[in-house]
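For reference, the chains in residue letters:
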Amino acid sequence: MLEEARSRWHPIAATHDLQFRHVFHGQLLGREFAVWRADDGYVNIWENRCLHRGVRLSIGINDGRELKCQYHGWRYSNRTAGCTYIPAHPADAPARTITNRTFPAIERYGLVWSSEEPRGEVPDVAALAEGKLLALRGIPVNAPADKVVERLKAYRFQPNAAIGGEGAETIVEAAQDFAVALHSRDGGAETHGVFFVQPVDSNRSVIRGVLDQEAEGAARLAILRHHNERLSKLRDEVEREAASAPAPTPIEPVYERVSAELAEMPEVTTHGRKAALRVSVARKWQTADGIAGFELRPIKGILPTFQPGAHIDVHMPNGEIRQYSITNGPGETDSFIIGVKLERDSKGGSKCMHETVREGDVLAISEPRNNFPLRRDSIKTLFVAGGIGITPLLAMAQALKNQELTHELHYFAQGEEHLAFADRLKYLGDALKPHLGLSPDATGAELRQILADYRNGMHLYICGPGPMLEAARKIAADQGWPDTAVHFEYFKNTNKIDDSSSFEVALARSCVTLQVPAGKTIMQVMRESGIDVPSSCEQGACGTCVATVIEGEPDHQDVYLNDAERKAGTKIMTCVSRAKSARLVLDI
Amino acid sequence: MATRCVDRELLNDWHIVADQESLSQDAPFATRLLGVDLAVHNRSNKIEVVRSDTGATLKSAERYGFIWVCLDKPWRDIIYIPEANEADRHLVNGGSIAVKVSGLRAVENFLDMGHFPFIHTGWLGEEPHTEVAPYKVEITPQDEVVATECKFYQPIASPTAKEGFIVDYIYKVIRPYTVALYKSNPIQKHRLDVITLFVQPVDEENCVAHPYLCYLKEGMEAATVRSFMQLIFAQDKPILENQVPKRLPLDPRAETPIRADAVSVSYRRWLRDRAVTYGAIPAQA
């Protein structure tokens, strides 16, 4: 019976067990769950162990958006259960596939239901109309579920309206493997009571009773006490009976193995410029002058986990592909929010998003990629945003705000009406520092002040139009910020790409040597030979196509690498950069 | 869970079963080793360790203030700790602490720096200083797992530390259930304080940790050393007891390692290579 029980729905908690920011330790058929409600109302039911070292997540911290493991502070996102941050490696974005095992959750009859491998729906109980119900206290019993069900068939109780009486007649209306529906009548008073039995383990159960009528105040207390006393008595009887029989062996839960890829030290996943996800435009609105906000919801299933700083490729109806940063705060995983600025000289990207795409349209997007990861081991983080450059930094600032880490978001814009995502900005409180209507010179002066006192352990993140970004990087360098503390993301690469050189590329791991002629990129040549190369912007701005250089001198033409990285010559963006030497050896 | 041990590596080795100070003249001290119930008798200061199942007297020894036992014929001697012979050190038993988890999990936790800011907050680590810098791991010619160049920012790294600094560590797994930590002394910077953690495998899912500390005496009281160790271990205990499953999985795909876990990855592989199964969940074929 218990084997079959795996495919059924069972109650694992009462709705009132999932208190604000609490993590509830649930159990079903020998398996433990960490059950928690996020601030957006979503109920998460996860395997009760962190994928890293097996520590119970039910002792973790529910911050309303994410669940943080006690042991090493790994953070897992609401809804997706994907890992968003690993504190031991603050500079890395965790492999997106580090995702905890989740189980379905449905709230019904004042109870939270789940199942290991659900077939069908949560039982529809005719006696219990949704609405005015009273869920009784769960009564744990040290006995197998079938024994508890047998006893419940003989359970007698008073109807709510005659709770103080004695003479009620209780009849069994229906009985199944894990539930008994009873009806109690005393004169004119009657109450339906359905008693679900949660099979916790082979020898442990919880009785979860639900009555079809609500009650308030003293009457409610009297009803709860009535059932508490009678069910406790029933428990004692079942436990006595169960104790006389040999206890069945406890059920050993089977923990799924992690993927082979995760068993090794994680590396960057390789995939091409693919758009695996289909989303619909749930909302489109003007979030600032010239900036449209888009809320993208999955057509089916749930969206993958993202980290602050991540972007998606949006494949547009006109065939163009553009990158947009996800502006969501942590744990907001039901949709992606992006902001699109209408570019005056748009080649069809932003113009299409503004003029053609409407609410209800379906778009293809890539999985989120994070080449602009946020460290959270900084003693103070400064964000400098220019115009639409706010988008990745907004996601980052919300993440730090949620963790109460010190930060300031300096937002440069032409005027008040140009500040996008006002609701999200408001959430940041005093950390938001708008700088409005400044000339380039005044912007420079302001930046000099903002970046004046660098201390070891501080980090700076910049995103904005090219000239402003250049200015901010230069000012930071002049005022003592080391390259390693300055992180930036360009919208696009405005360098004029010189693709006149021709050279040889050897791919060390693939054991292939390729000729790159003038007019073609390393990436194009690799793809023509059937080598899968991940990419996104394909103009040297986003960092997705980075490769490690083992030998040879790169001719950097991207805007992703910082000066120190350029000088080191150990990394190359294969979409635009080339070789100064006759031969390059790459770790591909 | 009193499964019998079949690992020769463990049956033919010495294990601590009691701290000498915990023995009384009046009553035998009851304990368990590798699933075998034992009674430690202290008759007029002569120690005798008897198996409860067969009544046989086992080969026992006294060293470093502990009672040692081997269930079979010992293949090798009790671990030699050179620092225990240096006169200017406190030689302190940190207090034997029972933990409801496999001793192998306790050893792995001892090798782990990543948890310092979260479990030993304000002492061995502190947010936001959470980064675990790359370090080196190798297997020595003596077949020990050694991690060197380990560095971590610690607010109060030792009982006498007054301010935070980056501490250098060396870790060494000496035997499956024995691990040592070498830490730069804050006063005599060229010398190392040593903590050796002897873990008694009570059974597959229970252990008793016996920390043995060799700390330089300069500027330090023995009682302070002991209470610091107890503070730190008390912080680890509730986490260890919430690890699921309780035994250490040796399958590379059972849990998710990161670069910071390089030493634990090597430790698990080293256990697999030596066919240690007691307290472990063997790798799937």
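In this text, all values refer to a predicted model and were calculated from it rather than measured experimentally.

### Observations regarding the overall build of chain A
Consideration 1: Helices and strands together make up the secondary structure of chain A, namely 11 helices and 35 strands.
Consideration 2: Taken along the three principal axes of its C-alpha coordinates, chain A extends 95 × 55 × 50 Å.
Consideration 3: A buried classification covers 47% of the 588 residues belonging to chain A.
Consideration 4: Counting contacts in chain A only where the partners sit at least 6 residues apart, residues at least 24 apart contribute 65% of the total.

### Points about the interface of chain B and chain A
When the parts of a complex come together, some accessible area is lost, and that lost area is often used as the size of the interface.
Consideration 1: Contacts between chain B and chain A engage 24 residues on the former and 32 residues on the latter.
Consideration 2: When its residues are assigned to classes, the side of chain B that touches chain A shows 12 nonpolar, 7 polar and 5 charged.

### Thoughts on the sheet that holds strand β11 (residues 111–114) of chain A
Residue and element names in this part refer to chain A.
Consideration 1: Read across the open sheet, the 3 strands follow the order β1-β11-β10; overall the sheet is antiparallel. Since the sheet does not close on itself, it has two edges, and those belong to β1 (10–14) and β10 (106–108), each with one partner. Neighbour-to-neighbour, the strand axes of this sheet turn through a mean angle of 40°, independent of strand direction.
Consideration 2: Sheet topology places β1 next to β11; 4 bridges connect them, and they run antiparallel. Note that in β11 the partner of H10 across the bridge is S114.

### Let's talk about the domain arrangement of chain A
Consideration 1: Domain boundaries in chain A define domain 1 (1–124), domain 2 (125–254), domain 3 (277–365), domain 4 (380–482) and domain 5 (503–586).
Consideration 2: Using only C-alpha atoms to locate each centre, domain 1 of chain A and domain 4 of chain A end up separated by 36 Å.

### Topic: the packing of helix α8 (residues 440–450) of chain A against helix α9 (residues 466–478) of chain A
For any two helices packed against each other, one specifies the crossing angle of their axes together with the interaxial distance.
All names here are of chain A.
Consideration 1: Following both chains from N to C, one finds α8 and α9 inclined at 35°, their axes separated by 10 Å at the closest point. The handedness of the crossing between α8 and α9 is right-handed. Two secondary-structure elements touch here, α8 through T443, G444, L447 and R448 and α9 through M468, A471, A472 and I475.
Consideration 2: Classifying every residue of the contact of α8 with α9 by side-chain character gives 5 nonpolar, 2 polar and 1 charged.

### As for helix α6 (residues 390–402) of chain A
It helps to recall that an α-helix has 3.6 residues per turn; residues three or four apart then point in one direction.
All names here are of chain A.
Consideration 1: Between its terminal C-alpha atoms α6 stretches 18 Å, which fits the 18 Å expected from 13 residues at 1.5 Å a residue.
Consideration 2: Counting buried positions along α6 gives 11 out of 13 residues, so the element sits mostly inside the fold.
Consideration 3: Taken together, the buried positions of α6 are occupied by I390, T391, P392, L393, L394, A395, M396, A397, Q398, A399 and L400.
Consideration 4: Just downstream of α6, E404 is the residue with a positive phi angle, here 55°.

### Topic: the environment of G386 of chain A
Residues and elements named next belong to chain A.
Consideration 1: By the secondary structure assignment, G386 is in strand β24 (residues 380–386).
Consideration 2: Judged by C-beta crowding, with 24 C-beta atoms within 10 Å, G386 ranks as buried.
Consideration 3: Along the chain, G386 and V314 lie 72 residues apart, while their C-alpha atoms are 22 Å from each other.
Consideration 4: Excluding residues within four positions of it along the chain, G386 makes contact with F412, G464, P465 and M468.

### Here's the deal with the nonpolar core
Consideration 1: In this structure, V35, V112, V148 and F195 of chain A together with V17, I67 and V69 of chain B are the most contacted members of the largest nonpolar core, which totals 144 residues.
Consideration 2: Broken down by element, the residue count for this core peaks at 8 residues, all from strand β14 (residues 206–216) of chain B.
Consideration 3: Excluding anything up to four places from it in sequence, V69 of chain B contacts H15, V17, L33, L38, V49, L58 and S60 of chain B.

Parameters at a glance
- Residues numbered from 1 in each chain as written.
- Chains lettered and ligands numbered in written order.
- Predicted model: local features only at pLDDT ≥ 70, side-chain atom pairs only at ≥ 80, totals over all residues.
- Helix = DSSP H or I, 4+ residues; strand = E, 2+ residues; numbered from the N terminus.
- Buried ≥ 20, exposed ≤ 12 C-beta atoms within 10 Å, placed from the backbone.
- Contact = placed C-beta atoms within 7 Å.
- Nonpolar A, V, L, I, M, F, W, Y, C, P; charged D, E, K, R; others polar.
- Pairing = 2+ DSSP bridges.
- Axes fitted to C-alpha atoms, helices over the stretch in contact; angles between N-to-C directions.
- Domains from an automatic or database assignment.
- Left-handed = near helix turned anticlockwise from the far one by under 90°.
- Expected span 1.5 Å × (residues − 1).
- Core = buried A, V, L, I, M, F, W, Y, C linked by C-beta atoms within 7 Å.

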